[in-house]
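Next come the chains, spelled out residue by residue.
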Amino acid sequence: MLLNIMRENNTPLHEGDRERERLPPISNNSTSGLDRGPKLPYASHSFISNQRKETGSHSLSSQLILPGVRHGRDLPPICPDVRQKHQHRITVDILPPEVRARLAADPVVPLRTKTAKEFQEDIEKATESGDWKHVHDFYLITFSSFLEVNAAFKKEASAPFDTIEDSGINTKFVNAVYDAVLLTPPDTQRAVLKGVINSLLREWKGRRTKDDLRAYFILVQNPQCASPATYVIYAHLLRQIATLTEADHYFLMHWFKKLSQKRFKQLVERLHLFISTRLFPAKPEELPPMAKCSWWIPSATKVLSLLNAANSISSTAIMPFVDFYNLTLDHTDFMEDYRTWQCQGNSTRFSFCQFPFILSTVVKKAIIQKDSEQQMISMARQSLVDKVSRRQRVDMSLLFLNIKVRRLQLVSDSLDELTRNRADLKKKIKVTFVGEAGLDMGGLTKEWFLLLVRQIFHTDYGMFTFFKDSHCHWFSSWKCDNYSEFRLVGALMGLAVYNSITLDIRFPPCVYKKLLTPPVLPCDPDTTVGMATLTLDDLQLVMPDLAHGLAELLSYEGNVEEDFCTTFQVSQEELGVIKSYNLKPGGDKIPVTNHSRKEYVQLYIDFLLNKSIYRQFAAFYYGFHSVCTSDALMLLRPEEVEILVCGSPNLDMMTLQRAAQYEGYSKTDPTIRAFWDVVLSFSLELQKKLLHFTTGSDRVPVGGMADLNFKISKIDASTDWLPLSHTCFNQICLPPYKTKKELKQKLIIAISNAEGFGLE
C-alpha cells in the first residue's frame, strides 16, 4: 500500500534520497541523529533529554539549503562588477510602484465549516449506501497540507491560539475523524497518507508557526501509524517533530498534557511499537535496512520524551511512569549503550541512557550490578597485585569484604568493620558470626542485613522515629557529636543494592528524592547534600496530621493573624525537651498573615524535612554514596531507588507458585495443592505477611517473584506444629497437614504472630 502511495506521489520509496534530501536532517554531523550531551541527573529541568543546547542558532529545520551551493560566498554575483558599482546601487525605494513586488503575506487558513456532527452523519450515510465519495473528498482535502489540516480542525480559522494552555484544536472532531479513518475504503486511507507525504515534503522556509505545530500535533495522532506499512511516513513525521526548536517542543509538551488518557496512552504505545519493531522486525524485508534509517529510533525516542515530560508536569500523572518502559530494550546490549553514554564528549552516538525514562528498572539494576561487579573485580585484582608485588602469601579472602561480628554487639561491630574495610566496600560481602561455624553462601549475609536493619530501626535505639499514621520511619532530630551510625545505615543500603539484597526499610518517598540530590557524590566536601525541594504532598506521606493542619491554614478564609496567632517560629521535642527554632531571622516576632502563610508553610516543610535533620541525613547520604558511586544512579528516579533497596510492593502469587521450588514435596502433593489454594485465597494483607514471614520482607525484588528463589520444604514433625521459616534462604517448612482447613489455621497463626521471634 505504501509503495502505491509513493508511486502516485512520484516519490519512490527506495529510489534514492531525493525526497529525503528535502526533509530536514536530524543532525549535521551525526549519523545517529541526536548529539550526546553532558551527563546530567535524571531530575534535570530539561524536559527532552540530557543534550547540549545549540547556541546562536535555531533548529536545523530553519536552514535554507540550495543545491550545489555550500556557502553564501559561493553564490554568483548579480552582475560582474556589482562590488565596484555599489555607490550606484539600485534599491527598491527608487523603483516605480508598478514594478515593486508585493511582500509575501502569511498564508491564509481556508474557511471550512464542517462539524463533527456533520462528519458523523456523512460516515453513517456512506456506511449505509456504500458511496464513500463525499467522505473520500473530505479526507483528500483535509490532509493535503498543513493549511487544510488547520482549516478543518482549528476552532476559529482567524484566531491565533498561540498559548500553551489552548492548542485551538477541535479535539472532538479530530477524534471522530481518526476513529473513522480505519473504517474507510483502502483508497481513502491511501489518500490520507498521500496527503501527509505531500505536507512533509514541502520546503521549510523558516521557523515553524503555531499552525504548523498544530498540524504536527494532529498528524502524530493518526492511528494509521500503528501499521509497519506506514513506518517510512511515520518516521519522517517523527523526525520533523524531533528537530523542532525547544520553544516549539515546549508548546507541544503542554498540548500533549491536555489529551485524554486514552489518546495519550495510544500515542505512547504507538511509539513503543515503532521502536520495538525497528529493533526486532518480525519481517525485516518490510522495512528499509537499518543502515539507511539509523535516525528512526532517535527521532521516536525524542518524541516519546515529550510525552514523558507532559506526563511529569501534569498535576496528576496521566499514566504510571512504568508504562514508559520499553521492555524490548531488556533484550538489547544495554551495557554497550551505557558505555556509549559514559563517553561524555568522545562520542556523538545516540544512547537510550540519554532518555532513562524508557529503560526498565530491570535494565537499570542490571547496569548497576554489572558496573559494581566490574568495580569489585577491579578492587580484588588490585589487592592481589599488591600482595604479589610485595611477595606476600596470597589469601583468597582478599577477594571479599569480610565482615566479622558478634551478635550481642552487632551494630558497633558492623560499624567498626565497615570503617576498617572502607577501601573494600566494592567487593562481595562475606559475613562471619563470631563463635559460630558456618560458610557464608549468601544466607549469613542476608541474616546480617536483616538483623542489623531490625536493630537500627527499632524505636528503642533512638536513631529513627516511627510514625504509625504513615507507617514509615523518619530521622530523629536529636543533636550529637557523632553521626557515624547514620553513615552506617547509608552504607548498608548501598551494600544491599550492590549485593542484590532486599531490605525491610520503611522510608517515605522523599528520602529517595533527597538521596538523589545530587545523584552523584560532589567533589567539594562543603557542598550541601540532600536539600531537595519538597512540598506539602511529601510531608503528607511522613506526618499526615501536620500536613492536614497546614493545608487547612492555607485554605482558611478568615483572618489568619488574629485567629491563629502564629509566628515564624516552630517548636519540636528532642529527647524529651521542647526546643524552639526560627524559620527565618527574627521569626519569633514575625506574625503569619494571610499574605505570608504560603511562605510559612514552605519554610516549615523545609525545616522539618531538610534543615532539622541535615547532619543526620548528610551522614546517611555520604554512607550510601561511598558504596554506590556508579554513574548509573543518574538514570534512576527516586521511586526506582526505593524499588532497588526495598523491592516492589506489587505481589503476584500466581507467578510465585510457578517459580516455587520444593524439597521433600512435589507440586502435586496434597499438602502443596492445599497450601497454594489457601495462599491464593488470602487477602493482600495476609499474602504480605506470608512473604514477610518467609523472606523477611513483604516486598518483591526488581526481577519479580521468580527472583525470590522461594522454597517449600517438608519437615517430619507433628501436624500440631506451626510452619517454620528460614528467612535467610526464603524457605518455609510445612509439616504434612492432613486437611486444607488445618493448614490454613496453622499458617495464619504462624504468619500473624511471627514478629519479634527473631530469625532462624
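With an unreviewed UniProt entry as reference, the chain is termed HECT-type E3 ubiquitin transferase, source organism Umbra pygmaea. If you open the UniProt record of the chain and go to Catalytic activity (unreviewed entry), you find "S-ubiquitinyl-[E2 ubiquitin-conjugating enzyme]-L-cysteine + [acceptor protein]-L-lysine = [E2 ubiquitin-conjugating enzyme]-L-cysteine + N(6)-ubiquitinyl-[acceptor protein]-L-lysine."

Draft legend 1. Representation of the overall build of the chain within the structure. Helices and strands together make up the secondary structure of the chain, namely 28 helices and 10 strands. Long-range contacts, defined as pairs at least 24 residues apart, comprise 72% of the intrachain contacts of the chain with a sequence gap of at least 6. Carbon and sulfur atoms form 53% of the exposed surface of the chain, whose accessible area is close to 38,900 Å².

Draft legend 2. Expanded view of the pairing of strand S5 (residues 569-574). Residue alternation in S5 divides its side chains into a buried set, Val570, Gln572 and Glu574, and an unburied set, Gln569, Ser571 and Glu573. Here S5 runs beside strand S6 (residues 577-582); their pairing, made up of 6 bridges, is antiparallel. Its bridge partner lying in S6, Ser571 is registered against Ser580. In textbook terms, the turn of a hairpin is the stretch between consecutive antiparallel strands, and for S5 and S6 this stretch comprises 2 residues, one of which, Leu575, has a positive phi near 55°.

Draft legend 3. Inspection of the side chain of Gln189 at higher detail. Within the secondary structure, Gln189 sits in helix H7 (residues 186-201). In this structure Gln189 comes out as buried when scored by relative accessible area, which is 14%. Those residues in contact with Gln189, other than ones at most four positions away along the chain, are Val181, Leu182, Thr184 and Gln224.

Draft legend 4. Inspection of the sheet that holds strand S8 (residues 711-714) at higher detail. Taken together, 4 strands build an open sheet; the order of strands is S7-S8-S10-S9 and the sheet is mixed. Two strands lie at the open edges of the sheet, namely strand S7 (661-663) and strand S9 (724-726), each paired on one side alone. When the angles between neighbouring strand axes are averaged without regard to direction, this sheet yields 25°. Strand direction decides the pairing type here: S9 and strand S10 (residues 731-734), joined by 3 bridges, are antiparallel. Paired with Ser725 across the two strands is Ile732, which belongs to S10.

Draft legend 5. Local environment of the UniProt feature "active site" (unreviewed entry) in the chain. Under the present numbering, the feature "active site" (unreviewed entry) in UniProt falls on Cys728. By secondary structure assignment, the location of Cys728 is in the loop between S9 and S10.

Draft legend 6. Inspection of the packing of aromatic side chains at higher detail. Under the counting rule described, the total for this entry stands at 47 aromatic pairs. Look at Phe138 and Tyr139: their rings are 5.7 Å apart centre to centre, the planes differ by 75°, and that puts the pair in the edge-to-face class. Comparing Phe138 with Tyr139, the two get one shared label, buried. With centroids separated by 6.3 Å and ring planes inclined at 55°, the aromatic side chains of Phe143 and Phe153 adopt a geometry described as tilted.

Draft legend 7. Up close: helix H14 (residues 361-389). Taking 1.5 Å per residue as the helical rise, H14 with its 29 residues ought to reach 42 Å, and the 41 Å between its terminal C-alpha atoms agrees with that figure. One or two positions beyond H14, positive phi appears at Arg391, with a value near 60°.

Draft legend 8. Up close: the pattern of salt bridges. This structure, assessed with the given rule, holds 28 salt bridges. Here Arg506 and Asp698 are joined by a salt bridge, their closest N and O atoms 3.1 Å apart. Note that Arg506 is positioned in the loop between helix H17 (484-498) and helix H18 (509-515) and Asp698 in the loop between helix H27 (684-695) and S8, a separation of 192 residues in sequence. We classify Arg506 as partly exposed; its relative accessible area is 27%. Lys611 is the salt-bridge partner of Asp606, the closest N and O atoms lying 3.6 Å from each other. With relative accessibility at 19%, the residue Asp606 sits in the buried group. Connected through salt bridges with shared partners, the residues Lys154, Asp211 and Arg214 form a single ionic network.

Draft legend 9. Examining the environment of Val362 more closely. Along the chain, the position of Val362 falls in helix H14. Judged by its relative accessible area of 40%, Val362 falls in the partly exposed class. Taking the C-alpha atoms as reference points, Val362 and Gly703, separated by 341 residues in sequence, lie 6.2 Å from one another. If we skip the residues at most four places from it in the chain, Val362 touches Asp330 and Val702.

Draft legend 10. Spatial organisation of the packing of H27 against helix H28 (residues 740-752). At a closest axis distance of 9 Å, the pairing of H27 and H28 adopts a crossing angle of 70°. When the axis of H27 is compared with that of H28, the two are roughly perpendicular. In this structure, H27 crosses over H28, and the sense of that crossing is left-handed. On H28, the residues that touch Leu686, Lys689, Leu690 and Phe693 of H27 are Leu747, Ile748, Ala750, Ile751 and Ser752.

Draft legend 11. Layout of the state of the cysteines. If you walk through the whole model with that rule in mind, you get 0 disulfides. Considering cysteine sulfurs only, Cys510 is the nearest to Cys472, which forms no disulfide, with 7.7 Å between them.

Draft legend 12. Here's a closer look at the pairing of strand S3 (residues 464-467). Where S3 meets strand S4 (residues 472-475), 4 bridges bridge the pair, whose relative direction is antiparallel. Bridging from a neighbouring strand, Phe464 pairs with Phe475 of S4. The hairpin formed by S3 and S4 contains 4 residues between the paired strands, and His471 there has a positive phi angle of roughly 55°.

Draft legend 13. Representation of unusual backbone geometry in the model. Look at the link from Thr517 to Pro518: it is a cis peptide, with omega at -5°. Summarising the element assignment, Pro518 is placed in the loop between H18 and helix H19 (536-540). Of note in this structure, His471 is not a glycine but carries a positive phi near 55°. Locating His471 in the fold gives a position in the loop between S3 and S4. Judged by relative accessible area, His471 falls into the exposed class, the value being 55%. In this model, Ser500 sits at a positive phi of 55°, which is unusual for a non-glycine residue. On the secondary structure map, Ser500 appears in the loop between H17 and H18.

Draft legend 14. Inspection of a negative patch on the surface at higher detail. Taken together, Glu118, Glu121, Glu124 and Glu128 make up a surface patch of like negative charges. Tracing the chain through its elements places Glu118 in helix H3 (residues 116-129). Overall, the relative accessible area of 36% leaves Glu118 in the partly exposed class.

Draft legend 15. How the structure looks around the environment of Thr593. Among the structural elements, Thr593 can be located in the loop between S6 and helix H22 (597-609). For Thr593 and Thr567, which are 26 residues apart along the polypeptide, the C-alpha to C-alpha distance reads 8.9 Å. Beyond its immediate sequence surroundings of up to four residues, Thr593 is in contact with Val560 and Glu561.

Draft legend 16. Broad picture of H3. With 14 residues, H3 ought to run about 20 Å at 1.5 Å a step, and its terminal C-alpha atoms sit 20 Å apart, in line with that. Ala116, Phe119, Asp122, Ile123 and Ala126 are the residues of H3 that are buried. Summarising the axial view, the buried residues of H3 lie within an arc of 115°, below the 170-degree limit, and thus occupy one face. Within H3, the exposed residues directed more than 90 degrees away from the buried face are Lys117, Lys125, Glu128 and Ser129. For H3, the elements touching its buried residues are helix H4 (133-142) and helix H6 (171-181).

The rules behind these values
- Residues numbered from 1 in each chain as written.
- Predicted model: local features only at pLDDT ≥ 70, side-chain atom pairs only at ≥ 80, totals over all residues.
- Heavy atoms only, no water.
- UniProt positions renumbered as here; feature names shortened; annotations may be inferred.
- Helix = DSSP H or I, 4+ residues; strand = E, 2+ residues; numbered from the N terminus.
- Contact = heavy atoms within 4.5 Å.
- Areas by Shrake-Rupley, 256 points an atom, 1.4 Å probe, with all protein chains shown as cover.
- Buried < 20%, exposed > 50% of the residue type's maximum accessible area, 1.4 Å probe, protein only.
- Pairing = 2+ DSSP bridges.
- Axes fitted to C-alpha atoms, helices over the stretch in contact; angles between N-to-C directions.
- Phe/Tyr/Trp six-rings, centres within 6.5 Å; stacked < 30°, edge-to-face > 60°.
- Expected span 1.5 Å × (residues − 1).
- Salt bridge = Lys/Arg side-chain N within 4 Å of Asp/Glu carboxyl O.
- Parallel < 35°, antiparallel > 145°, perpendicular 65-115°, else oblique.
- Left-handed = near helix turned anticlockwise from the far one by under 90°.
- Disulfide = S-S within 2.5 Å.
- Patch = residues over 30% accessible without salt bridge, like charges linked within 9 Å, V, L, I, M, F, W, Y side chains within 5 Å.
- Lys, Arg positive; Asp, Glu negative; His and termini not counted.
- Charge placed at Lys NZ, Arg CZ, Asp CG, Glu CD.
- Arc of directions from axis to C-beta.

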